[in-house]
Amino acid sequence: MTETLPHVLRSDAQDNRDRVLEAARELFAESGLGVTMRQIARRAGVGPATLYRRFATKQDLVLEAFTDELGACSAIVREAASDPDPWRGFCSVIEGVAVLNARNQGFTDAFMAEYPGAIDFAAHRSALTREIAAISRRAIAAGGLRADFVLDDFMLVLLAGRGLATVPSQDRAAAARRFAALAIEGLRAGDANYPLPKPPRLASRI
């Protein structure tokens, strides 16, 4: 009994943390960083005291929520890289990142405007770009991804997908999956592929 109780308490604390961070990301995406800690606690279903025990200041909460956001993106890419089917892995990156960005683009934009130097975002982006490039090469070699694909095409998909943030929140995930499916069909290798126009240089700008 004495061993079980601390474990239960730790589990409850972790659940509270996860609910708070999820609620914070949702509210920051919907309304920007101006939402109050009380609003976040209410959305998460916890009391203000519980919230402040874990996050002493709103800035602490914002930074941890954004770090979790980057972690979710990294997890999508890592899982794709470990998929034994390169084309399936590539498709999962397109869909996973499209859905993640559609849900939380507003939060990302607000964070970068308010805390531009708080996190080394360039290093995060560079690491993921290398992983995605490797996934793409394997998908081309396996015959799933069209041979004239370049990394700038992935960046183009990301840029186009930013418009999904304007879709009503309840429809964003479905819209993002539809958008991803359409993009994937355009990138799939096939005898009917037409040559693509020269790509713009985007990979170094995003």
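Look above for the structure.
About the criteria used
- Residues numbered from 1 in each chain as written.
- Predicted model: local features only at pLDDT ≥ 70, side-chain atom pairs only at ≥ 80, totals over all residues.
- Heavy atoms only, no water.
- Phe/Tyr/Trp six-rings, centres within 6.5 Å; stacked < 30°, edge-to-face > 60°.
- Helix = DSSP H or I, 4+ residues; strand = E, 2+ residues; numbered from the N terminus.
- Buried < 20%, exposed > 50% of the residue type's maximum accessible area, 1.4 Å probe, protein only.
- Lys NZ or Arg CZ within 6 Å of the ring centre and 35° of its normal.
- Contact = heavy atoms within 4.5 Å.
- Lys, Arg positive; Asp, Glu negative; His and termini not counted.
- Salt bridge = Lys/Arg side-chain N within 4 Å of Asp/Glu carboxyl O.
- Core = buried A, V, L, I, M, F, W, Y, C linked by side-chain atoms within 4.5 Å.
- Axes fitted to C-alpha atoms, helices over the stretch in contact; angles between N-to-C directions.
- Parallel < 35°, antiparallel > 145°, perpendicular 65-115°, else oblique.
- Left-handed = near helix turned anticlockwise from the far one by under 90°.
- Polar contact = N/O pair within 3.5 Å; in protein donor to acceptor, adjacent residues only side chain to side chain.

S.K.: Please set out the packing of aromatic side chains residue by residue, giving values where relevant.
M.R.: Inspection of every chain in the model, using the stated rule, returns 8 aromatic pairs. Ring centres 3.9 Å apart and planes at 10° place the aromatic pair Phe66 and Phe111 in the stacked group. In this pair, Phe66 is assigned in helix H4 (residues 58–82) and Phe111 in helix H5 (residues 86–114), connecting sequence segments 45 residues apart. Just as Phe66 is buried, Phe111 falls in that class too. Aromatic pair Phe66 and Phe121: ring centres 6.4 Å apart, planes at 45°, arrangement tilted. With Phe66 in helix H4 and Phe121 in helix H6 (residues 121–141), this residue pair connects regions lying 55 residues apart in the sequence. Its relative accessible area of 22% is what places Phe121 among the partly exposed residues. Among the aromatic residues, ring-to-ring pairing joins Phe28, Phe66, Phe107, Phe111, Tyr115 and Phe121 into one connected group. One Lys or Arg, Arg54, reaches over the ring of Phe55 and ends 5.0 Å from the middle of that ring.

S.K.: Tell me about the environment of Leu27, and name the residues and values.
M.R.: Relative to the helices and strands, Leu27 resides in helix H1 (residues 4–31). Excluding residues that lie within four positions of it along the chain, Leu27 makes contacts with Gly32, Val35, Gln39, Ile40 and Arg43.

S.K.: So what's going on with the side chain of Asp153? Residues and values would help.
M.R.: Examined against the element boundaries, Asp153 turns out to sit in helix H7 (residues 151–161). At 6.7 Å, Arg146 is the nearest oppositely charged side chain to Asp153, a buried residue that forms no salt bridge. Beyond its immediate stretch of four places on either side in the chain, Asp153 contacts Asp148, Leu196 and Pro199.

S.K.: Which residues make up the nonpolar core, and what values do they have?
M.R.: Phe90, Val93, Ile94, Leu145 and Phe154 are the most contacted members of the largest nonpolar core, which has 34 residues in total. When contributions to this core are tallied by element, the ones reaching two or more residues are H4, H5, H6, H7 and helix H8 (172–187). A total of 10 residues in this core trace back to one element, the largest contributor, which is H5. Those residues in contact with Phe90, other than ones at most four positions away along the chain, are Ile135, Ser136, Ala139, Leu145, Phe149 and Leu187. Counting 25 residues, the second largest nonpolar core, distinct from the first, contains Leu21, Ala29, Ala65 and Phe107.

S.K.: Can you explain the packing of H4 against H6? Please cite residues and give values.
M.R.: In contact at an axis separation of 10 Å, H4 and H6 are set at 15° when each is read in the N-to-C sense. It follows that H4 is roughly parallel to H6 by the angle criterion. Handedness of the H4/H6 crossing: left-handed. Contact residues: H4 offers Phe66, Leu70, Cys73, Ser74, Val77, Ala80 and Ala81, while H6 offers Phe121, His124, Leu128, Glu131, Ile132, Ile135 and Arg138.

S.K.: Residues and numbers for the side chain of Arg146, please.
M.R.: Mapped onto the elements of the fold, Arg146 is located in the loop between H6 and H7. In this structure the side chain of Arg146 is engaged in a polar contact, spanning 3.2 Å, whose partner is the backbone oxygen of Gly186. Setting aside chain neighbours within four positions, we find Arg146 in contact with Ile140, Gly186, Leu187, Arg188, Ala189, Asn193, Tyr194, Pro195 and Leu196.

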